[in-house]
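Single-letter residue listing:
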Amino acid sequence: MHRRRRTALVLSAAIVAAAPLLTGCGSDAHPGAAAVVGGSRITVAELQDRVDEVRSAQRAATKDDAQYAQVVASTGTLTRDTLHGLVLDRVLDRAARNAGVKVTRKDTQQMRAALEQQAGGPKALETAWLSNYGVAPKRLDDSLRTEIEARKLAGELGIDMNTTAGKAAFWKAMSAASKELHVDLNPRYGTWDVQKSSRVDAKTPWVREVSTASVQQPA
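Note that the structure is predicted; figures quoted are calculated from it, not measured.

Take the overall build of the protein next. Assigned secondary structure in the protein consists of eight helices and five strands. Going from the N terminus to the C terminus, the protein shows its helices and strands as α-β-β-α-α-α-α-α-α-α-β-β-β. In the protein, which comprises 219 residues, the proportion classed as buried is 44%. Contacts in the protein between residues at least 24 apart in sequence constitute 73% of all its contacts with a sequence separation of at least 6.

If you want it as structure tokens, here you go:
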């Protein structure tokens, strides 16, 4: 869902237009890690917890098992897409820090208030973010913070994200940050293909992603 799980505004435009400038060597040197970014592990357990948050929210938002099954089917790459988002957020944090960008709690609160007014209330905003971007309600503030961080980074760089040159400049900064962080992706979640501007599944047919999603009614 790196095509679907993205912030709605500035960062989404950058992701659509630019190549992912992250690289994963696919090492097994970090057992239990879904990825290692800047020497910090994103564990498989942490990744699964994030996926479970989304699935639980999706289940609560659906009327019955059949509808939930449709939602699960339409977000079948949720685990890999969630990992993409976790890695990308850390790269953005480094790029923003390199540019001297800071995001305050007040920034996030102000954006949330404005979006809630546009959406028709807090619940409507949470539902929209879950449906459109795969963001669990409890992670909405984190998602908005990422959006603000991307906006501020673009502003600090003095670029217009509506132009090709602006997007290139944004991703140049992201590239520099990703190189500093030495992203190492577990091969079970694929690799990064810069030329194709997309995550590519690893060609290892003996490795299968096991989803814990279930269409059964929670006990």
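Running from N to C, helix H5 (residues 105-119) and helix H6 (residues 122-133) point in directions that differ by 90 degrees, and their axes come no closer than 8 Å. By the criterion of interaxial angle, the relationship of H5 to H6 is roughly perpendicular. Residues Arg-112, Leu-115, Glu-116 and Ala-119 of H5 lie in contact with H6, whose contacting residues are Pro-122, Ala-124, Leu-125, Glu-126 and Trp-129. Broken down by class, the residue content of the contact of H5 with H6 amounts to six nonpolar, no polar and three charged.

Take the confidence of the model for the protein next. With 73% of its residues at a pLDDT of 70 or more, the protein has an overall mean of 80. Summarising per-element confidence for the protein, the mean pLDDT is lowest in helix H1 (residues 10-17) (47) and highest in H5 (97). A low-confidence stretch, residues 1-8 stays under pLDDT 50, and its non-local contacts, those more than four residues away or across chains, total 36 contacts. This stretch, residues 193-198, has a pLDDT under 50; its non-local contacts, to residues over four places away or in other chains, come to 14 contacts.

The next thing to look at is the nonpolar core. Ile-42, Leu-47, Leu-83, Val-87, Val-91, Phe-170 and Met-174 are the most contacted members of the largest nonpolar core, which totals 31 residues. Taken together, the elements giving at least two residues each to this core come down to strand E1 (33-37), helix H2 (44-61), helix H4 (78-98), helix H7 (140-157) and helix H8 (164-181). Per-element accounting of this core gives the leading share, eight residues, to H4. Beyond its immediate chain neighbours, meaning those up to four positions away, Ile-42 contacts Ala-33, Ala-34, Ala-35, Val-37, Leu-83, Leu-86, Val-87 and Arg-90. One finds Met-111, Trp-129, Tyr-133 and Ile-148 within the second-largest nonpolar core, a separate group that totals 10 residues.

Here we come to the pattern of salt bridges. As enumerated under the stated definition, the model contains 13 salt bridges in all. In this structure, Asp-65 and Arg-59 form a salt bridge, with 2.4 Å as the shortest nitrogen-oxygen distance. Residue Arg-59 is classed as buried on the basis of its relative accessible area of 10%. For Glu-126, the salt bridge identified is with Arg-112, shortest N-O distance 3.2 Å. Pair noted here: Glu-126 is in helix H6 and Arg-112 is in helix H5, with a separation of 14 residues, a long-range link. The structure contains a network of salt bridges with shared partners spanning Glu-53, Lys-138, Arg-139 and Asp-142.

As a further point, take the packing of aromatic side chains. With the rule as written, the count across this model stands at two aromatic pairs. Residues Trp-129 and Tyr-133 carry aromatic rings whose centres are separated by 4.8 Å and whose planes lie at 70 degrees to one another, so their mutual orientation is edge-to-face. Here Tyr-133 and Trp-129 lie together in helix H6, a separation of four residues that amounts to about one turn. Side by side, Trp-129 and Tyr-133 carry an identical accessibility label, which is buried. Where Phe-170 meets Trp-171, the ring centres are 5.9 Å apart and the plane angle is 70 degrees; that geometry is what we call edge-to-face. By relative accessible area, Trp-171 is classed as buried at 4%.

Moving on: the pairing of E1. Most of E1 sits out of view: five of its five residues are buried. Where E1 and strand E2 (residues 40-43) come together, four bridges link them in antiparallel fashion. Following the sheet pairing, Ala-33 is matched in E2 by Thr-43. Between E1 and E2, which follow one another and run antiparallel, lie two residues, and Gly-38 among them has a positive phi close to 60 degrees. Two strands pair when backbone bridges link them, and E1 and strand E3 (residues 184-185) are joined in this way by two bridges, in the antiparallel orientation. Of the residues in E3, the one forming a bridge with Ala-35 is Leu-185.

Analysis parameters
- Residues numbered from 1 in each chain as written.
- Predicted model: local features only at pLDDT ≥ 70, side-chain atom pairs only at ≥ 80, totals over all residues.
- Heavy atoms only, no water.
- Helix = DSSP H or I, 4+ residues; strand = E, 2+ residues; numbered from the N terminus.
- Buried < 20%, exposed > 50% of the residue type's maximum accessible area, 1.4 Å probe, protein only.
- Contact = heavy atoms within 4.5 Å.
- Axes fitted to C-alpha atoms, helices over the stretch in contact; angles between N-to-C directions.
- Parallel < 35°, antiparallel > 145°, perpendicular 65-115°, else oblique.
- Nonpolar A, V, L, I, M, F, W, Y, C, P; charged D, E, K, R; others polar.
- pLDDT = per-residue confidence, 0-100.
- Core = buried A, V, L, I, M, F, W, Y, C linked by side-chain atoms within 4.5 Å.
- Salt bridge = Lys/Arg side-chain N within 4 Å of Asp/Glu carboxyl O.
- Phe/Tyr/Trp six-rings, centres within 6.5 Å; stacked < 30°, edge-to-face > 60°.
- Pairing = 2+ DSSP bridges.

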